[in-house]
Amino acid sequence: MNIHEYQARDLLSSAGVAVPRGAVAKTAEEAEAIARSLPCNSFVVKAQVHAGGRGKGHFQDGYKSGVHLVKTPHQVRDVAQHMIGNTLITHQTGPEGKPVHSVLVGESTEIARELYLAIVLDRSSGCPVIVASQQGGMEIEAVAEKNPEAILREVIHPGLGLQPYQARKVSIFLGFPSTGLRAPCRLLHAAYRLFIEKDCSQVEINPLAVTKGGDVVALDAKLNFDDNALFRHKEIQDLQDPSQEDPRDLAAAEHHLNYIGLEGNIGCMVNGAGLAMATLDLIQAAGGKPANFLDVGGGASEQMITAAFRLLQADSSVKAILVNIFGGILKCDLLAQGMISACRNNPPRVPIIVRLQGTNVEQGRKLLKESGLPLIPAEGLMEAAEKAVTAASGKKGK
Ligand code: GDP
Ligand code: MN
């Protein structure tokens, strides 16, 4: 799960990481009022979306950049007016962009150096790893490609935690003088504590700024949380902003469906994660591209089947639906009933290929046949995938 920058700043600040003064505004008037309350004479206004690259981004109406530096509360109001209600497009949002419903208004920081600092989970070592670079402010992927030696990766033993010598090593790599290690080391310990306590999958501070006054502050922050640990962090769950999420994923979560949106055009409904993945592979092997992973599970109810089917039907990129069910605990007749009731309320707009096997398969096939729905039956797995690919391409099948 993702949260907004202003929320990440609050969490970092509570953990003991210095962040610039500021607050979030939902209207231009609020933005101006916040600016007036800040004891400073230059301000930064930042569009709040769940995506990075805002500084280099642009709005749907051509307005430039999601990060503006201005001098007066009046200008803060102007910028906020442009941003709120607009859609920001960055290299991370995709061409459709993300809606801006709020802006962060803060004191502008006088930057001496921009550093990069992140704590993420390293899958190869199975440990948290600190990623640090003096080349902050830009994309770390670009640094990794052009200048990999400019990045330090320090693996933390999860049982021992961040050791003082490791914090010093990272701070020295970041260019702090040996007499000035206290502030960056404290910041590293605070960020690591937050990472562990809140079950983060990522704490990214880019840039971590060294100010002209010599302070070390988190100018931008991106926190990501492990969805499987959210049940023990009600306070994090409450930070969720549905306006920033893929509507398909939201609908799926609402019905407790195990769903992942993909880029292709063949909607899939399968039971069992293994069979679902095999189905995606078969579609690829047959020359097609799946629109999603969807495992309706062994114990799916008729309501869940109906919801799953509706979700696939509502996805405008879906040009054919492949239903691949091996009836075990989930019986084929129940699946058929779910499909029929979903299609009654929502007549199919794309070809549907159905491969049923297993418990009550005859009853299931009979129900589907008698329903009068325009379904394309298939027996074998490859046959089903090929029929789906042909149907999605708009050609007539054999
Ligand atoms: P991002 O583009 O979404 O990563 O947004 P950032 O918050 O990282 O802002 C992009 C860039 O704007 C930063 O790398 C800084 O160079 C600049 N910036 C952001 N906040 C400030 C600020 O308070 N003062 C100054 N001088 N520059 C800032
Ligand atoms: Mn940034």
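Residues numbered from 1 in each chain as written. Chains lettered and ligands numbered in written order. Predicted model: local features only at pLDDT ≥ 70, side-chain atom pairs only at ≥ 80, totals over all residues. Heavy atoms only, no water.

Engineer: Mind laying out the overall build of the protein chain, listing which residues take part and the relevant values?
Structural biologist: When helices and strands are tallied, the protein chain shows 13 helices and 19 strands. Once the C-alpha set of the protein chain is aligned to its principal axes, its extents read approximately 80 × 50 × 40 Å. The 398 residues of the protein chain split such that 50% are buried. Residue pairs at least 24 apart in sequence account for 68% of intrachain contacts in the protein chain once pairs closer than 6 positions are excluded. If you sum the accessible surface of the protein chain, you get close to 19200 Å²; carbon and sulfur atoms cover 53% of it. Computed over 40 positive and 42 negative side-chain charges, the separation of the two mean positions in the protein chain equals 2 Å. (Helix = DSSP H or I, 4+ residues; strand = E, 2+ residues; numbered from the N terminus. Buried < 20%, exposed > 50% of the residue type's maximum accessible area, 1.4 Å probe, protein only. Contact = heavy atoms within 4.5 Å. Areas by Shrake-Rupley, 256 points an atom, 1.4 Å probe, with all protein chains shown as cover. Lys, Arg positive; Asp, Glu negative; His and termini not counted. Charge placed at Lys NZ, Arg CZ, Asp CG, Glu CD.)

Engineer: Mind laying out the site of ligand 1, listing which residues take part and the relevant values?
Structural biologist: Near ligand 1, the surroundings consist of 17 residues, among which Lys46, Arg54, Gly55, Thr109 and Glu114 are the closest. Lys46 has a polar side-chain atom sitting 2.6 Å from an oxygen atom of ligand 1. Taking 560 Å² as the accessible area of ligand 1 by itself, protein coverage stands at 81%. Breaking the shell around ligand 1 down by element, the ones donating at least two residues are strand 2 (43-47), strand 4 (67-70), strand 8 (111-122) and strand 11 (200-211). The class makeup of the residues in the shell around ligand 1 is six nonpolar, seven polar and four charged. There are two domains that each give the shell around ligand 1 at least three residues, and those are domain 1 (21-107) and domain 2 (111-237). (Near = heavy atom within 4 Å. Polar contact = N/O pair within 3.5 Å; in protein donor to acceptor, adjacent residues only side chain to side chain. Nonpolar A, V, L, I, M, F, W, Y, C, P; charged D, E, K, R; others polar. Domains from an automatic or database assignment.)

Engineer: Give a description of the coordination of the manganese ion (ligand 2) that names residues and reports values.
Structural biologist: Within the first shell, the manganese ion (ligand 2) binds the protein through Asn206 (O) and Asp220 (OD), at distances of 2.2 Å. With a gap of 14 residues between them, Asn206 in strand 11 and Asp220 in the loop between strand 12 (216-218) and strand 13 (221-225) connect regions that are remote in the sequence. (Donors = N, O, S within 2.8 Å, 3.2 Å for Na, K, Ca; no water.)

Engineer: Lay out the nonpolar core in plain terms, naming residues and giving numbers.
Structural biologist: In this structure, Leu12, Leu117, Ile130, Val203, Leu223 and Phe225 are the most contacted members of the largest nonpolar core, which totals 40 residues. The greatest single-element share of this core, amounting to eight residues, is contributed by helix 6 (residues 182-197). (Core = buried A, V, L, I, M, F, W, Y, C linked by side-chain atoms within 4.5 Å.)

Engineer: How would you summarise the domain arrangement of the protein chain if you had to cite specific residues and measurements?
Structural biologist: Each assigned domain of the protein chain is listed with its residue range as follows: domain 1 (21-107), domain 2 (111-237) and domain 3 (247-393). Using C-alpha coordinates to define each centre, domain 1 is positioned 25 Å away from domain 2. Counting from both sides, the interface comprises six residues of domain 1 and, opposite them, four residues of domain 2. Of the roughly 330 Å² buried where domain 1 meets domain 2, counting both sides, 29% is carbon and sulfur surface. Ranking the residues of domain 1 by area buried against domain 2 places Lys46, Arg54 and His91 at the top, with a combined share of 64%. Our count for the domain 1 to domain 2 interface comes out at one salt bridge. For the salt bridge of Asp220 with Arg54, the shortest nitrogen-to-oxygen distance reads 3.1 Å. (Buried area = accessible area lost by both parts, 1.4 Å probe. Salt bridge = Lys/Arg side-chain N within 4 Å of Asp/Glu carboxyl O.)

Engineer: Explain empty space enclosed by the protein to me, using residue names and the numbers behind them.
Structural biologist: Tallied over the entire structure, the rule returns three cavities of 30 Å³ or more. Its boundaries defined by the atoms lining it, the largest cavity holds a volume of some 100 Å³. Each residue belonging to the lining of the largest cavity can be placed in one class, and the counts come to five nonpolar, four polar and four charged. Domain assignment of the residues forming the lining of the largest cavity places at least three in each of domain 1 (21-107) and domain 2 (111-237). Here the second largest cavity is characterised by a volume of approximately 30 Å³. Together, Leu117, Leu174, Phe176, Pro184, Leu187, Leu188, Leu208 and Val216 line the second largest cavity. With three residues, helix 6 is the single largest residue contributor to the lining of the second largest cavity. Taken together, the residues of the lining of the second largest cavity break down into eight nonpolar, no polar and no charged. (1 Å grid on protein atoms, 1.4 Å probe; cavity = no way out; pocket = protein on both sides within 12 Å on 5 of 7 lines; lining within 4 Å. Points joined across faces, edges and corners; volume = space filled by probe spheres on them.)

Engineer: For the side chain of Asp295, give the residues involved together with the corresponding values.
Structural biologist: As for its placement among the helices and strands, Asp295 is situated in strand 16 (residues 292-295). Although Asp295 lies buried, it forms no salt bridge, and the closest oppositely charged side chain, Arg355, sits 13 Å away as judged by the N-O distance. Separated by 2.7 Å, the side chain of Asp295 and the backbone nitrogen of Gly272 make a polar contact. One polar contact links the side chain of Asp295 to the main-chain amide nitrogen of Ala273, over a distance of 3.4 Å. When near neighbours in sequence (up to four residues on either side) are disregarded, Asp295 contacts Asn258, Val270, Asn271, Gly272 and Ala273.

Engineer: Which residues make up the side chain of Arg9, and what values do they have?
Structural biologist: As for its position among the elements, Arg9 is in helix 1 (residues 5-15). Given the relative accessible area of 6%, Arg9 is considered buried.

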